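Examination of the molecular architecture
Listed below, chain by chain, are the residues.
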Amino acid sequence: MKTSRRDFIRQSAHLAAMAALGAALPAGAAGGVPLPDGLHWQKAPCRFCGTGCGVMVGVKGGRVVAVQGDPDCGVNKGLLCVKGYYAGAILYGKDRLTHPMIRKDGKHVKATWEEAIELIADNVMKDSDRFSIYGSGQWTVPEGYINLKFIKAGLSNNHLDPNARLCMASAVVGFITTFGVDEPSGCYEDLDECDTVITWGNNWAEMHPVLFSRFMDRKRSLPKYQQSEITYIDMGTRKTRSSSAANYYLEFVPQTDLAIANCICYQLIENDTYDKEFVAQHTRFKANDGADLTIEEFKGFLDDYTPEKVAELSGISVGHLKMLGEIFGDPKRKVLSLWCMGVNQHTRGTWMNNLIYNVHLLAGKIAKPGSTPFSLTGQPSACGTAREVGTLAHALPGGRVVKNEEHRKDCEDLWNAVPGCINPKPGFHTVRMFEGLAAGELTSMWVQVTNPAHSMPHLHKNLANAEDRFLVVSDVYPTATTRLAKVVLPSALWVEKNGIFGNSERRTQQWFKAVDPPGEARDDLWQVLAVAHRMYKKGFKGLRDRDGNFLLAIRDENGKEIEAWKWEVFKDFNVDRVLFEEYRKLTFKKHKDVAPYDVLVEHHGLRWPVVQDDQGVWRETTRRFVEHEDPYVEEGKGIQFYGAKAGDDRAILWARPYEAPPEVPDKDYPLWLCTGRVLEHWHTGTMTQRVKELHNAMPRAYVEFHPIDAREMGIQDGDKIRIQSRRGSIVLPAWVRGRGLPQRGMIFVPFFDETKLINEVTLDAYCPMSKEPDYKKCAVRVEKLA
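Residues numbered from 1 in each chain as written. Predicted model: local features only at pLDDT ≥ 70, side-chain atom pairs only at ≥ 80, totals over all residues. Heavy atoms only, no water.

Digging into the overall build of the chain
- Scanning the chain from N- to C-terminus turns up 28 helices and 35 strands.
- Over its C-alpha trace the chain gives a radius of gyration of 25 Å, about what one expects of a compact globule, namely 28 Å for 786 residues.
- Dimensions of the chain along its principal axes, counting C-alpha atoms only, are 70 × 70 × 65 Å.
- Each of the 786 residues in the chain was classed as buried or not, and the buried ones make up 64%.
- Considering only contacts within the chain whose residues lie at least 6 apart along the sequence, 70% involve residues at least 24 apart.
- On the chain, roughly 27,700 Å² of surface is accessible, and the fraction owed to carbon and sulfur atoms is 49%.
- Mean positive and mean negative side-chain charge positions of the chain (100 and 100 charges, respectively) differ by 4 Å. (Helix = DSSP H or I, 4+ residues; strand = E, 2+ residues; numbered from the N terminus. Rg over C-alpha atoms; globule rule 2.2 N^0.38 Å. Buried < 20%, exposed > 50% of the residue type's maximum accessible area, 1.4 Å probe, protein only. Contact = heavy atoms within 4.5 Å. Areas by Shrake-Rupley, 256 points an atom, 1.4 Å probe, with all protein chains shown as cover. Lys, Arg positive; Asp, Glu negative; His and termini not counted. Charge placed at Lys NZ, Arg CZ, Asp CG, Glu CD.)

Considerations on the pattern of salt bridges
- Per the counting criterion, the structure on display carries 56 salt bridges.
- Where lysine 589 meets glutamate 406, a salt bridge forms, and the shortest distance between an N and an O atom there is 2.6 Å. One end of the pair, lysine 589, is in the loop between helix 25 (575-584) and helix 26 (597-601); the other, glutamate 406, is in helix 19 (residues 405-414), and 183 residues separate them in sequence.
- Residue classification places lysine 589 among the partly exposed residues on the basis of a relative accessible area of 33%.
- When its relative accessible area of 48% is taken as the criterion, glutamate 406 is described as partly exposed. (Salt bridge = Lys/Arg side-chain N within 4 Å of Asp/Glu carboxyl O.)

Observations regarding the packing of aromatic side chains
- Taken as a whole and judged by the stated rule, the model has 33 aromatic pairs.
- Aromatic side chains tryptophan 204 and tyrosine 232 sit 5.9 Å apart centroid to centroid with 70° between the ring planes, which places their arrangement in the edge-to-face category. In this pair, tryptophan 204 is assigned in helix 7 (residues 204-207) and tyrosine 232 in strand 9 (residues 231-236), connecting sequence segments 28 residues apart.
- The exposure class of tryptophan 204 is buried, given its relative accessible area of 0%.
- Clustering of aromatic rings is evident, with ring pairs tying together Phe175, Phe179, Phe278, Trp339, Tyr357, Phe625, Tyr632, Phe641 and Tyr642.
- Just above the ring of tyrosine 92 sits the side chain of arginine 63; from NZ or CZ to the centre is 3.9 Å.
- Here arginine 656 stacks its cationic end above the ring of tryptophan 654, 4.1 Å away from the centre of that ring. (Phe/Tyr/Trp six-rings, centres within 6.5 Å; stacked < 30°, edge-to-face > 60°. Lys NZ or Arg CZ within 6 Å of the ring centre and 35° of its normal.)

Considerations on the sheet that holds strand 9
- Read from one edge of the open sheet, 5 strands run 11-9-8-14-15, paired in parallel fashion. In this open sheet, the two strands that pair with only one neighbour each are strand 11 (248-251) and strand 15 (372-375). The mean inter-strand angle of the sheet, taken between neighbouring strand axes irrespective of direction, is 15°.
- As defined by bridge partners, strand 14 (residues 335-339) adjoins strand 15 across 4 bridges and the pair is classed as parallel. Counted as the bridge partner of leucine 336 is threonine 372 from strand 15.
- Helix 15 (residues 318-329) contacts strand 8 (196-200), strand 9, strand 11 and strand 14 of the sheet and is inclined by roughly 120° relative to strand 11. (Pairing = 2+ DSSP bridges. Axes fitted to C-alpha atoms, helices over the stretch in contact; angles between N-to-C directions.)

Quick word on unusual backbone geometry
- Omega for the peptide link from tryptophan 608 to proline 609 comes to 0°, which places this bond in the cis form.
- Positive phi, normally seen in glycine, also occurs at aspartate 272, with a value near 60°.
- Even without glycine at this site, tryptophan 494 takes up a positive phi of about 50°.
- By secondary structure assignment, the location of tryptophan 494 is in the loop between strand 20 (487-490) and strand 21 (499-502).

A short note on the confidence of the model for the chain
- Across the chain, the average pLDDT comes to 94, with 95% of residues at or above 70.
- pLDDT under 50 marks residues 1-33. Its contacts with residues more than four places away, or in other chains, come to 48 contacts. (pLDDT = per-residue confidence, 0-100.)

Some thoughts on the environment of glutamine 42
- Mapped onto the elements, glutamine 42 comes out in strand 1 (residues 40-45).
- With 471 residues separating them along the chain, glutamine 42 and lysine 513 place their C-alpha atoms 9.4 Å apart.
- In terms of polar contacts, glutamine 42 uses its side chain to reach the side chain of histidine 40, at 3.3 Å. (Polar contact = N/O pair within 3.5 Å; in protein donor to acceptor, adjacent residues only side chain to side chain.)

So this is what it looks like as structure tokens:
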């Protein structure tokens, strides 16, 4: 049988990954074929982006020696990206953290777990109101849940926020303000059904490459005369690898995506091509201040967004703007909109999410196969943990919020917590949290599974004085953040522990521990239990339940308390199962019903809501709000936006105006700076920089120029360039003809390189609704160094 190009790439990458991990290569071993003999294989979700690819992990001699795509996982069907194929190697960097450390006399010295737990417990007890936890979209569901229960019920303190605030908070607030509930209605099968994909500032070829491949494989597998039937339009401020595959690349001035979306809506109403029946049955209109609008008033708002006016503002031609209007106005077109950081990391990220929903709602292109707006996610459990568990400063599990008395009572009753222990006042969001730490409003912080001293914007301001506070960092490798810590705790990574993630399409994925962590490294979940129990034994009242027992107690199926705070007990008991089953009880209120733990064990991920049918079979939901797919849609409704806060089952179209960014180029700082990621590395490179092949492919950061700008400035590849903003500066080598092509007047810098912290330059202005910072645009100047 002839091998396709896709299969060849898959097989080659798999064999390379196995070789890099030191595995013997059995004859015929390749991705997508039967798993090689002699290894123990088990399923797990990939450790990187929010796509949620299924992975088969091969273990021999107590080590992960092979990784390949899981052919039974509906997400990736056996395919992985380059990071996924090398996922096993992230466990084996030479500088893994293997024992606790405490800073003494300015240096980190080896400590025992007993010393570390005692020191942390004493410091939290001393000033529990000013303690904070900064977590992650890489937390597993049980890890996020135990941290939330510990701080919000145990300490009556809501200073808990994840790094997911930096990547998908705008998507959360956008979805809630439009639909009343969070998380996408669509699914990855829409990639197989659509005839048009529009990416809104999203380089999915590098950031979500398996989804990109899924769509492009489908398009390119058609005979050439049919390929034109599937259209891909990429809109962005920088031409990327995604743009190169598009039928149309539409380049716009930064921030004017707000006006472009309004322009499409203007055309749908002006040309009378909007879906009148859908709009009448399923939507209503609101002004920016929340007042109700008629469709005529909404149209009056849109009069400022004609193609002619928006072309002048955005730089996209009138013809191309009209093309977008025609595509959405064609009732036969099935249009899938995709976005990620370009929309979310935006000072009006919430508005921009609302506006994409406006376009699809007006066109009636939502909750239909191949036609839906779909927000992609950047971390493996930003959805499952940050959004669903509720590890945000204002949130509680299952879509609840701390401000709501009924929601607080739900949690307090389930946990047998003292009534009123959950504080109704939201805690500090991420930027505010670090501002508070710098100013002394917060005196201590526990950072888990993230690297804020690298990833926070405006680092000089937001990490000021961090070294002088009581900072605890749990991580797997030394980072910019561990260097500032008073206490460093070595953590287990990925398949060195049990876990559960939740991906972009509401898919909950479970896995079991496959190998032991190195040295004295231990699960983040255990670390929290151990500190909390130590505080309980020292008499901290908040960690006592209504009966005086330990609030975070782990009990077996007979109700007997397990001494899970003891490592030798924890490591042999499935604490994940206990915590997940407790958390699951909180998922029903907002129809986010996750499957039972034991059901997840038997599947390669299930998309909530998951309910049991009359025959006792557990059924997942492909598309939300759709009759016969979503069990919570009432019979005869067809489409029902049942989360609507007004109780009328209607989604809201918001009149959100264009607003200029807070900082624009001027004579002193004449260039835009955009930051982002690259294919080989994930976020701050803590894991991927330890993989030789990935590091060698992209060892260091660079500054990317448009060739005409570079020529006018006398800049060539490799020249040392100082980038200066109003906040700081950095020196990087120039790359003039690299992978991407910034628009004229813009430079691009990736942020993975710990030796070159571009976030010393970035702006920390954020969306006032979601509190998500804008990493995509600020003003800089450059200087060529001798």
